[in-house]
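# Architecture at a glance
Each chain, written out:
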Amino acid sequence: MLKELFGKTGEAVFVEPPFHCDYGYNIEVGDDFFANYNCTVLDVAKVTIGKNVMLGPNVSFYTAGHPLHHESRNSGYEYGISITVGDNVWIGGSVVIIAGVSIGNNVVIGGGSVVTRDIPDGVVAAGNPCRVIREITEEDRKYYFKKRVFDVEI
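In this report, the structure presented in the accompanying data block is examined. Since we're looking at a predicted model, the values are computed, not measured.

## As for the packing of aromatic side chains
Applying the stated criterion across every chain yields a total of four aromatic pairs. Both rings, one in Phe6 and one in Phe19, keep their centres 5.7 Å apart while their planes meet at 65 degrees; by these two values the pair is edge-to-face. Residue Phe6 is found in the loop between α1 (2-5) and β1 (8-9), and its partner Phe19 is found in strand β3 (residues 19-21); the two are separated by 13 residues along the sequence. When its relative accessible area of 4% is taken as the criterion, Phe6 is described as buried. Taking the centre distance of 5.6 Å and the plane angle of 40 degrees together, the rings of Tyr23 and Tyr25 count as tilted. Take Tyr23: its relative accessible area is 44%, and that puts it in the partly exposed class.

Here's what the structure looks like:
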């Protein structure tokens with residue numbers, strides 16, 4: 001069903017229901033994509049998501065927008081600006097991504113963030129508005145959460 005709904009779908013794509021979108025055909029996802037419960041994609045413009053991307057619950061992509069000035073906004077004008085997410089990205093629960101944003105490769109976006117500007121490759125970013133907190137380094141490879149080390153036998 002996702003192959004029929006989305007404009008482009010990679011292999012091993014899984015979306016937990018409920019899932020909400022405007023059109024569907026403006027959504028492109030790569031291989032190994034997972035969206036947890038209650039994902040919303042306002043795809044007035046294209047939303048392109050790379051491979052190996054995981055979305056926590058309640059993640060929203062908003063490509064649609066309206067003018068700031070009340071008279072222009074009251075005219076009913078709506079615009080859409082695309083959103084791009086790179087490869088190997090984990091977006092935590094309840095994140096909102098605003099029109100025109102690009103998120104780089106190998107990025108983690110902390111839960112509850114509101115992403116209003118581009119995020120470069122290889123960083124952890126979080127907050128409202130979302131900001132880069134630090135780079136992801138080789139040191140991070142040995143930990144699964146904060147300073148908790150992976151079991152050596154694994």
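## Thoughts on the sheet that holds strand β9 (residues 60-62)
With parallel pairing, five strands are arranged side by side in an open sheet as β3-β6-β9-β14-β17. The strands lining the two open edges of the sheet, one partner per strand, are β3 and β17 (114-115). Bridge count for strand β6 (residues 39-42) against β9 is three bridges, and the pairing is parallel. Residue Leu42 lies in a different strand from β9, and its bridge partner there is Tyr62.

Thresholds applied
Residues numbered from 1 in each chain as written. Predicted model: local features only at pLDDT ≥ 70, side-chain atom pairs only at ≥ 80, totals over all residues. Heavy atoms only, no water. Phe/Tyr/Trp six-rings, centres within 6.5 Å; stacked < 30°, edge-to-face > 60°. Helix = DSSP H or I, 4+ residues; strand = E, 2+ residues; numbered from the N terminus. Buried < 20%, exposed > 50% of the residue type's maximum accessible area, 1.4 Å probe, protein only. Pairing = 2+ DSSP bridges.

From the geometry alone we can't say anything about function, so treat these as descriptive.
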